[in-house]
Amino acid sequence: MPETKPSQMSPTQEAGVLQAFPIAKARPAPSRLVQLSDPHLFAEPTGHLLGITTRSSFQAVIDLALAGRQAAHALILTGDLVHDESPAGYRYLRQALEKTGLPYYCIAGNHDRRDLMKKYLGSAAVEPLGIRRLNSWNLIFLDSLDPGRNSGRLDRTHLDRLVELLSDDKAPTLLFLHHHPKPIQSAWMDTMGAENGADLLGICERNSQVKAVVFGHIHQAFSSSQGDCRILGTPSTCIQFLPGSVDFALDAHPPGYRELTIYPDGRLATRVERLVELVELPIPHAEGY
Ligand SMILES: [Fe+2]
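Model, not experiment: these values are computed from the prediction. (Residues numbered from 1 in each chain as written. Predicted model: local features only at pLDDT ≥ 70, side-chain atom pairs only at ≥ 80, totals over all residues. Heavy atoms only, no water.)

Here the protein averages 91 in pLDDT, and 91% of its residues register 70 or above. Taken as a whole, residues 1–18 scores under 50 in pLDDT and shows five contacts with residues more than four places along the chain or in a different chain. (pLDDT = per-residue confidence, 0-100. Contact = heavy atoms within 4.5 Å.)

Next up on the list: the side chain of Ser-86. By secondary structure assignment, the location of Ser-86 is in the loop between β4 (74–78) and α3 (87–100). Polar side-chain contacts of Ser-86 include one of 3.0 Å to the backbone nitrogen of Gly-89. When near neighbours in sequence (up to four residues on either side) are disregarded, Ser-86 contacts Phe-42, Ala-43 and Leu-116. (Helix = DSSP H or I, 4+ residues; strand = E, 2+ residues; numbered from the N terminus. Polar contact = N/O pair within 3.5 Å; in protein donor to acceptor, adjacent residues only side chain to side chain.)

Bringing the nonpolar core into the picture now. Within the largest apolar cluster, 34 residues are counted, with the highest numbers of intra-cluster contacts made by Leu-142, Leu-162, Leu-175, Leu-200 and Val-213. For this core, the secondary-structure elements that each account for two or more residues are β7 (137–142), α5 (156–168), α6 (197–206), β9 (210–215) and β11 (229–233). Leave out the neighbours within four places in its chain, and Leu-200 touches Leu-142, Leu-154, Leu-159, Leu-162, Leu-175, Leu-177, Pro-181 and Val-213. If you look at the next biggest cluster of nonpolar residues, it comprises 30 residues, including Leu-41, Ala-96, Tyr-104 and Cys-106. (Core = buried A, V, L, I, M, F, W, Y, C linked by side-chain atoms within 4.5 Å. Buried < 20%, exposed > 50% of the residue type's maximum accessible area, 1.4 Å probe, protein only.)

Let us look at the environment of Phe-141. By the secondary structure assignment, Phe-141 is in strand β7. A sequence separation of 16 residues divides Phe-141 from Ala-125, and the C-alpha atoms of the two residues are 10 Å apart. If we ignore the near neighbours within four places in the chain, the residues touching Phe-141 are Ile-76, Tyr-105, Ile-107, Val-126, Glu-127, Pro-128, Leu-129, Gly-130, Arg-132 and Phe-176.

With that settled, the discussion passes to the coordination of the iron ion. Distances from the iron ion to its protein donors, Asp-38 (OD), His-40 (NE2), Asp-80 (OD) and His-219 (NE2), fall within 2.1 to 2.3 Å. Sequence positions of the residues that donate to the iron ion give the spacing D-x1-H-x39-D-x138-H. Taken together, the residues Asp-80 in the loop between β4 and α3 and His-219 in the loop between β9 and β10 (222–226) connect sequence positions 139 residues apart. Residue classification places Asp-80 among the buried positions, given a relative accessible area of 0%. Residue class for His-219 comes out buried when judged on its relative accessible area of 0%. (Donors = N, O, S within 2.8 Å, 3.2 Å for Na, K, Ca; no water.)

Following this line, the structure appears as structure tokens:
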């Protein structure tokens, strides 16, 4: 008697097989974003900031972020990309990011030059109010650079446009900028946050699809909330500032990055990861940078 091939089974038999071994529905996968902030790169490969060779520590943090089993889907750089306003610094940054093979998005910090970012990073230097779609999420980038000043400011027209975007599209959203939009209880740093950050946070509070506002600038980890919106600060890839300090002070924590895992159902998971140890020690008792 010939062997029965699957194609010769009756519909009832096939249904029976399916009932006995139900096929689990694959759950949509989350996306993993890596935020890198404040690399303060220099034209010279050996350029250093208060004792830390910034290119080396930047590369070490990238290597750490991409070393795990979980793949990253995009890199987000939240400003102070180049410290000495040098074309060579931006050229190096582009090369380092291209090597990862990942999409990357860059916004300006108070140490950056918008013209050099545009010239050397092209479309990765997102426009002053940029929006990118990643699966079911929106990533919105706001430029808080106020040229010539360490503090930041959000353009009123950009905030108005943000309100329109958020009222038109209710997809879960992450919002990125350089400056901190609320005080972090560090007196010297709080003189140089985003001056109208409260306006931004008010908008986020009224639009519950904004799951987090994520920034750099403060060179330390920070976590707070406004309504259901998380407010997240991220360490630098080079020097760290001491949390809660009244005056400028360095912290002994190693450089790091923030991971943001965004789920198709709108959930967000995040954590800060740091290098295990410092290859170089920052200059002790530095009084500024
Ligand atoms: Fe910085």
